[in-house]
Amino acid sequence: MITIRKGRRARTLSANTAILAFAVSAPAYAAEDFEFWLNPTVATDLDDDTGVELETALRFRSSETGRDDTYFARAWLKQDVAPGFTLAGAIERRHNSDGSDETRFMQQLSSSH
């Protein structure tokens, strides 16, 4: 995952390295299922308590097991509601290689300490 954030939330560019991803997923790779994810994200603040984020993902799966590749894009609106707590909502458009595409709404409350 690559995340770029600007403003009060922190100016960071972080990337999970392929070595870490493969090291963590080694047991899954040893099994019959295989997945590889790319998840680029860009975020910026609108003000001191509000931010937006565009998240995309490509999930490549082993077609031999009948699991299809997935691609999605999410547009998030995030609001700090208390120190350490953020409420967020998103709309997601998901495309599956089998044609079962969908649009859905999401919400989450996250905490950092």
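Residues numbered from 1 in each chain as written. Predicted model: local features only at pLDDT ≥ 70, side-chain atom pairs only at ≥ 80, totals over all residues. Heavy atoms only, no water.

A.B. asks: Would you explain the packing of aromatic side chains in this entry?
C.D. replies: Describing an aromatic ring pair means giving the distance of the ring centres and the angle of the ring planes. Inspection of every chain in the model, using the stated rule, returns one aromatic pair. Summarising the aromatic geometry, the rings of Phe60 and Tyr71 are spaced 6.2 Å apart at their centres and angled 80 degrees between planes, so their arrangement reads as edge-to-face. Of this pair, Phe60 sits in strand S5 (residues 50-61) while Tyr71 sits in strand S6 (residues 70-82), and the two are 11 residues apart along the sequence. When its relative accessible area of 32% is taken as the criterion, Tyr71 is described as partly exposed. (Phe/Tyr/Trp six-rings, centres within 6.5 Å; stacked < 30°, edge-to-face > 60°. Helix = DSSP H or I, 4+ residues; strand = E, 2+ residues; numbered from the N terminus. Buried < 20%, exposed > 50% of the residue type's maximum accessible area, 1.4 Å probe, protein only.)

A.B. asks: Whenever I open this one, the side chain of Thr50 confuses me. Can you help?
C.D. replies: Along the chain, Thr50 turns up in strand S5. Taking relative accessible area as the criterion, Thr50 reaches 12% and is therefore assigned buried. Within the structure, Thr50 has its side chain in polar contact with the side chain of Gln79 (distance 2.7 Å). (Polar contact = N/O pair within 3.5 Å; in protein donor to acceptor, adjacent residues only side chain to side chain.)

A.B. asks: Mind showing me how you'd approach the pairing of S5 here?
C.D. replies: Bridge count between strand S3 (residues 35-38) and S5: four bridges; the pairing is antiparallel. Note on S5: the bridge partner recorded for Leu38 is Leu58. In the sheet, strand S4 (residues 40-45) pairs with S5 via five bridges, with the strands oriented antiparallel. Its bridge partner being in S5, Thr41 is matched across the sheet by Glu55. Alignment of S5 against S6, held across 10 bridges, turns out to be antiparallel. Within the sheet, the bridge partner assigned to Gly51 lies in S6 and is Lys78. (Pairing = 2+ DSSP bridges.)

A.B. asks: Even after reading the chapter, I still don't get the confidence of the model for the protein, so can you show me in this structure?
C.D. replies: When pLDDT is low, close inspection of the predicted coordinates is not appropriate. A residue-level look at the protein finds 66% of positions with pLDDT of 70 or above and a mean pLDDT of 78. By mean pLDDT, strand S2 (residues 12-15) is the weakest element of the protein at 38, and S4 is the strongest at 96. Counting interchain partners and residues more than four positions distant, the pLDDT-below-50 stretch residues 1-5 has 25 contacts. Counted against residues more than four places away or in other chains, residues 7-19, with its pLDDT under 50, gives 26 contacts. (pLDDT = per-residue confidence, 0-100. Contact = heavy atoms within 4.5 Å.)

A.B. asks: Would you mind going over the pairing of strand S8 (residues 102-111) with me for this structure?
C.D. replies: For a regular strand, the rule is simple: side chains alternate between the two faces of the sheet. As paired elements, strand S7 (residues 85-96) and S8 share 10 bridges and run antiparallel to each other. Following the sheet pairing, Arg94 is matched in S8 by Glu102.

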